[in-house]
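# Structural overview
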Amino acid sequence: MNESLMKLLREKVRDENYLRLMQIPIPHLHQFIAEAVELCEPKTVFVCSDSPADIEFIRAEAVARGEETPLEIPGHTVHFDGPQDQGRDREATRYLVGRGESLGEALNQIGRDDGLAEIRGLLKGAMRGRTMIVRFLSLGPTGSVFSIPCLQVTDSFYVAHSEDLLYRRAYEQFRKMTEKDPFLQFIHSCGRLTSSGVSAEPEKKRIYIDYAYDTIYSVNTQYAGNTVGLKKLALRLTIRKADREGWLAEHMFLLGARGPRGRKTYFAGAFPSACGKTSTAMLPGENILGDDIAYLRIISGKVRSVNAEAGIFGIIQNVNPKDDPVIYRVLTNPGEVIFSNVLVKDGRPYWLGIDGDLPKDGMNYAGPWHEGKTDERGNPILPAHKNARYTVNLEALENVDPYLENPEGVALGGIIYGGRDARSYVPVQQSFDWNHGIIAYGAALETETTFATVGKEGVPEINLMSIQDFLAIPVGKYIRNNLEFARLLKKRPLIFGVNYFLRDASGQFVTGMRDKAVWIKWMELRVHGDAGAVVGPTGWIPKFKDLHRLFRQVLDKNYSEEDYVRQFTVRAPENLDKLDRVEAFYRKEVPDAPRELYEVLSAQRERLLAVRESFGDYVSPVDLAENPMRENGK
Ligand code: GTP
Ligand code: SPV
Ligand code: MN
């Protein structure tokens with residue numbers, strides 16, 4: 001490091017902060033911080049260790065600076081993001097690619113030199129008058145083959161506080177590292193703020209991923225999905241790291257499902273944003289291990305998985321004591337919770353789909369709110385944002401899995417893919433084999449855009465493996481990695497497809513909010529060969545008698561054969577159309593799609609044509625059970 005940078009570092013990083021920084025024996029880390037100071041020009045730098053006093057300082061500053069406001073219940077605070085900063089911003093998020101490099105048509109990218117010049121311009125002087133916070137955290141449990149150390153630089157105490165609930169502290173781990181140990185680094189600034197403390201220039205929001213240097217820049221935004229480095233920003237880097245090292249980084253929840261005689265079976269599930277990961281992972285009676293990001297590695301012949309995170313940044317819309325009793329208790333009792341973009345009245349938070357009435361006025365993300373308030377275009381402003389969320393540590397949940405911090409993670413019995421598919425797939429099915437599952441349920445995953453990203457809702461799209469927003473390697477390569485991942489294992493996790501969002505001709509959902517509890521139990525039985533199944537053209541589907549028994553056992557509900565037929569009728573025309581869309585997408589956008597993808601899709605087409613020939617367009621599961629087809633569909 002040159003003299004002037006050294007001097008700057010000594011001048012801005014004072015007293016114990018300087019000592020803390022120097023206890024990390026990594027000169028290029030010091031250099032990164034010095035350069036960040038030079039670029040962003042903060043007034044001062046706070047270097048956060050793992051000590052309770054430092055963490056308390058972050059909590060207190062978030063409140064003192066108005067980034068969070070305390071609510072009535074002890075430990076609860078609320079944070080607001082600006083009206084145009086209420087979700088992940090796909091448009092503003094780009095990969096920096098070297099000259100002559102490309103990640104393929106499907107991914108958003110910009111030339112590295114231009115991108116760096118632009119983002120450095122936006123970060124120039126962005127922290128003037130503010131404190132730069134430096135945090136050391138870990139993705140995955142510390143002291144594990146899965147751990148990935150991370151350095152976060154931010155001028156937001158809300159971001160630093162959220163990270164404390166969401167990740168494992170790792171200052172002590174950094175002290176033990178050498179300059180050869182890799183880590184990820186994130187630099188974020190809220191940018192200029194309005195008088196109400198939100199990023200004032202949303203049109204200058206940028207999230208740029210410099211994967212060649214494991215560095216991500218984020219500016220003019222506060223929404224956690226765009227700012228909390230270890231969340232979706234890191235996922236983009238860890239997908240590349242996993243690709244290099246032969247493991248998988250996934251947009252997946254982790255759940256321990258209870259089976260007969262005290263058995264527990266772990267599932268990982270990939271659903272796109274706002275498609276049910278958290279609500280599945282939190283099912284009462286089961287164990288939650290993670291709700292958003294999982295790492296998968298092969299260890300001693302098994303697929304083992306950890307939660308990259310240690311907390312939840314969860315959607316609060318529709319959280320109620322009946323469907324989500326576990327989190328509802330956390331949100332209504334003392335303990336550390338950050339609410340974001342809810343409605344606040346008299347120190348209490350309210351959200352859409354809460355049990356009971358909403359007040360007629362209060363404070364929300366758009367300022368003081370009253371019933372009937374409209375935005376500048378005349379559209380009504382809802383009392384709370386649909387993407388309002390809560391941030392909590394997993395330890396606050398009564399059903400947190402005891403293996404959360406296990407350095408070797410848990411062995412997976414099954415992997416689940418699911419999206420918002422109104423038309424084609426049945427509510428739950430099991431793939432014929434590994435390749436069929438990866439392709440037909442993962443790579444062919446169709447969904448609709450949701451409130452979790454900025455932009456229009458309800459637009460149908462393909463979101464392969466629910467990870468398309470975060471993919472940082474060419475799509476075909478990613479699919480091939482998945483196909484090959486468990487190929488050599490004697491016993492692979494089974495692969496399932498779920499669809500909580502299938503609708504009937506009148507537009508009604510054909511399944512209820514709590515039915516997923518039954519699908520999980522069925523999958524758990526299937527992993528151990530304890531339930532039968534009917535062969536359908538798109539996979540194995542449950543038998544009526546098993547579902548009837550499970551609905552009684554799990555939900556105390558009388559499941560009728562009409563329910564079964566309505567939910568599990570195979571819709572041949574819709575499924576054939578789906579295959580056409582999926583194939584067209586891959587032919588157009590993914591030149592490196594593996595051959596197996598087209599083979600699996602054609603075999604599925606053949607099976608659908610065969611059942612349509614025998615039974616007509618809409619094939620009742622009862623007919624399939626009575627006239628069994630072979631797996632090859634003949
Ligand atoms: P991210 O945190 O954005 O990655 O989302 P997530 O996948 O964790 O989604 P979450 O579980 O929070 O659910 C999102 C929305 O889906 C909520 O508004 C739920 O009410 C709704 N939802 C969850 N399960 C069901 C279901 O079975 N049926 C219907 N119709 N809606 C559901
Ligand atoms: C998602 O959008 O998938 C989320 C929330 O889990 S965010 O932090 O915005 O990524
Ligand atoms: Mn997510």
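Residues numbered from 1 in each chain as written. Chains lettered and ligands numbered in written order. Predicted model: local features only at pLDDT ≥ 70, side-chain atom pairs only at ≥ 80, totals over all residues. Heavy atoms only, no water.

The full set of residues close to ligand 2 is Arg 88, Tyr 223, Gly 225, Lys 231, Lys 232, His 251, Ser 273, Asp 292, Phe 313, Arg 389 and Ala 452. Contacts to ligand 2 include Tyr 223, whose side-chain N or O atom sits 2.9 Å from an oxygen atom. Here an oxygen atom of ligand 2 and a side-chain polar atom of Lys 232 are 2.7 Å apart. Isolated, ligand 2 exposes 280 Å² of accessible area, and the fraction of that covered by the protein chains is 98%. (Near = heavy atom within 4 Å. Polar contact = N/O pair within 3.5 Å; in protein donor to acceptor, adjacent residues only side chain to side chain. Areas by Shrake-Rupley, 256 points an atom, 1.4 Å probe, with all protein chains shown as cover.)

Time to look at the sheet that holds strand S24 (residues 389-393). One open sheet accounts for five strands, arranged S2-S3-S19-S24-S18; its pairing is mixed. Of all strands in the sheet, those bounded by a partner on one side alone are strand S2 (69-70) and strand S18 (311-315). Across four bridges, strand S3 (residues 76-79) lies against strand S19 (residues 337-340) in parallel orientation. Paired with His 76 across the bridge in S19 is Val 337. (Pairing = 2+ DSSP bridges. Helix = DSSP H or I, 4+ residues; strand = E, 2+ residues; numbered from the N terminus.)

This paragraph deals with the site of ligand 1. The local shell around ligand 1 holds 20 residues, among which Ala 274, Lys 277, Thr 278, Ser 279 and Arg 389 are the closest. Here an oxygen atom of ligand 1 sits 2.8 Å away from a polar atom, N or O, in the side chain of Lys 277. Side-chain polar atom of Ser 279 to an oxygen atom of ligand 1: 2.5 Å apart, as the coordinates give it. Here ligand 1 loses 93% of its free accessible area of 660 Å² to cover by the protein chains. With three residues, helix H10 (residues 277-281) is the largest single contributor of residues to the shell around ligand 1.

We now examine the side chain of Thr 278. Assignment of secondary structure puts Thr 278 in helix H10. Residue Thr 278 is classed as buried on the basis of its relative accessible area, which comes to 17%. (Buried < 20%, exposed > 50% of the residue type's maximum accessible area, 1.4 Å probe, protein only.)

The next thing to look at is the packing of aromatic side chains. Using the criterion set out here, one finds 24 aromatic pairs in the structure. Aromatic pair Trp 519 and Phe 568: ring centres 5.7 Å apart, planes at 90°, arrangement edge-to-face. With a gap of 49 residues between them, Trp 519 in helix H14 (residues 516-527) and Phe 568 in helix H16 (residues 561-568) connect regions that are remote in the sequence. Both rings, one in Phe 544 and one in Tyr 559, keep their centres 6.0 Å apart while their planes meet at 25°; by these two values the pair is stacked. Pair noted here: Phe 544 is in helix H15 (residues 544-555) and Tyr 559 is in the loop between H15 and H16, with a separation of 15 residues, a long-range link. Under the relative-accessibility criterion, Tyr 559 is labelled buried at 1%. An aromatic cluster is present here, built from Trp 519, Phe 544, Phe 551, Tyr 559, Tyr 564 and Phe 568 joined pairwise through their rings. Above the face of the Tyr 425 ring, Lys 578 is positioned so that its terminal group lies 4.5 Å from the ring centre. (Phe/Tyr/Trp six-rings, centres within 6.5 Å; stacked < 30°, edge-to-face > 60°. Lys NZ or Arg CZ within 6 Å of the ring centre and 35° of its normal.)

This brings us to H16. Among the residues of H16, Asp 563, Tyr 564, Gln 567 and Phe 568 are the ones counted as buried. Looking straight down H16, one finds that the buried residues subtend no more than 100° of arc, so they occupy a single side. (Arc of directions from axis to C-beta.)

For the pair helix H4 (residues 52-64) and helix H6 (residues 157-166), interaxial distance at closest approach is 8 Å and the crossing angle is 135°. If you check the angle between H4 and H6, you find them oblique. Handedness of the H4/H6 crossing: left-handed. Together, Ile 55, Phe 57, Ile 58, Arg 59, Glu 61 and Ala 62 of H4 and Phe 157, Tyr 158, Ala 160, His 161 and Asp 164 of H6 make up the contact between the two elements. Within the contact of H4 with H6, the residues separate by chemical class into seven nonpolar, one polar and three charged. (Axes fitted to C-alpha atoms, helices over the stretch in contact; angles between N-to-C directions. Parallel < 35°, antiparallel > 145°, perpendicular 65-115°, else oblique. Left-handed = near helix turned anticlockwise from the far one by under 90°. Contact = heavy atoms within 4.5 Å. Nonpolar A, V, L, I, M, F, W, Y, C, P; charged D, E, K, R; others polar.)

Within the protein, the atoms that donate to the manganese ion (ligand 3) are Lys 232 (NZ), His 251 (NE2) and Asp 292 (OD), at distances of 2.1 to 2.6 Å. Around the manganese ion (ligand 3), the six donor atoms are arranged such that angles at the metal cover 67 to 169°; this shape is classified as irregular. In primary-sequence terms, the residues that donate to the manganese ion (ligand 3) follow K-x18-H-x40-D. Remark: His 251 occurs in the loop between strand S12 (248-250) and strand S13 (253-258) and Lys 232 occurs in helix H9 (residues 229-245); sequence separation between them is 19 residues. Like Lys 232, the residue His 251 is buried in the burial classification. (Donors = N, O, S within 2.8 Å, 3.2 Å for Na, K, Ca; no water. Tetrahedral: all angles 85-135°; square planar, octahedral: opposite > 155°, others 65-115°.)

Moving on to the pairing of strand S23 (residues 367-370). Across four bridges, strand S22 (residues 361-364) lies against S23 in antiparallel orientation. The residue of S23 that forms the bridge with Asn 364 is Gly 367. Connecting S22 to the antiparallel partner S23 that follows it, the hairpin turn spans two residues.

Before going further, it helps to examine the nonpolar core. Core analysis: the biggest nonpolar cluster contains 166 residues, and Leu 139, Tyr 295, Tyr 390, Tyr 417, Trp 519, Met 523 and Tyr 586 have the highest contact counts within it. With eight residues, the top contributor of residues to this core is H14. (Core = buried A, V, L, I, M, F, W, Y, C linked by side-chain atoms within 4.5 Å.)

Next up on the list: the pattern of salt bridges. Once their charged atoms are close, side chains differing in charge can pair, the charge on each being opposite to the other. Tallying each qualifying case throughout the model produces 51 salt bridges. Of the charged contacts in the structure, one is a salt bridge between Arg 112 and Asp 210, with a shortest N-O distance of 2.7 Å. A residue pair is termed long-range when its members are at least 10 positions apart, and Arg 112 in helix H5 (residues 112-123) and Asp 210 in strand S10 (residues 206-210) qualify at 98 residues. Judged by its relative accessible area of 21%, Arg 112 is partly exposed. A relative accessible area of 1% means that Asp 210 is categorised as buried. The partner of Glu 583 in a salt bridge is Arg 587, with the nearest N and O atoms 2.8 Å apart. In this pair, Glu 583 and Arg 587 both sit in helix H17 (residues 572-589), four residues apart, roughly one turn of the helix. Look at Glu 583 and you get buried, because its relative accessible area is 16%. One connected set of salt bridges, linked through shared partners, spans Lys 231, Lys 232, Lys 277, Asp 292 and Glu 309. (Salt bridge = Lys/Arg side-chain N within 4 Å of Asp/Glu carboxyl O.)

This part covers the packing of helix H1 (residues 3-12) against helix H3 (residues 27-40). With their axes 9 Å apart at the nearest point, H1 and H3 run at an angle of 80° to one another. Considering their axes alone, H1 and H3 lie roughly perpendicular with respect to each other. Side by side, H1 and H3 meet where Leu 5, Leu 8, Leu 9 and Lys 12 of the first sit next to His 30, Gln 31, Ile 33, Ala 34, Glu 35, Val 37 and Glu 38 of the second. For the contact of H1 with H3, a count of residues per class yields six nonpolar, two polar and three charged.

For Val 498, the location among the structural elements is in strand S29 (residues 494-498). The spacing of Val 498 and Gln 429 is 69 residues in sequence and 6.6 Å in space, taken between C-alpha atoms. Other than its neighbours up to four places away in sequence, Val 498 contacts Phe 271, Ile 416, Tyr 417, Gly 418, Gly 419, Val 426, Pro 427, Val 428 and Met 523.

Inspection of the secondary structure puts His 76 in strand S3. Non-local contacts of His 76, meaning those with residues more than four positions away in its chain, are made with Thr 69, Pro 70, Leu 71, Val 330, Leu 331, Thr 332, Asn 333, Pro 334, Gly 335, Val 337 and Phe 339.

Moving on, we come to H15. With 12 residues, H15 should reach 16 Å at 1.5 Å per residue; the first-to-last C-alpha distance of 16 Å fits that figure. All of the buried residues in H15 are Asp 546, Leu 547, Leu 550, Phe 551 and Leu 555. One side of H15 holds all its buried residues, which, seen down the axis, span an arc of 130°. In this structure, H15 carries Lys 545 and Gln 553 as exposed residues pointing more than 90 degrees from its buried face. Close packing links the buried residues of H15 with H14 and H16. Looking at the residues trailing H15, positive phi occurs at Asp 556, about 50°. (Expected span 1.5 Å × (residues − 1).)

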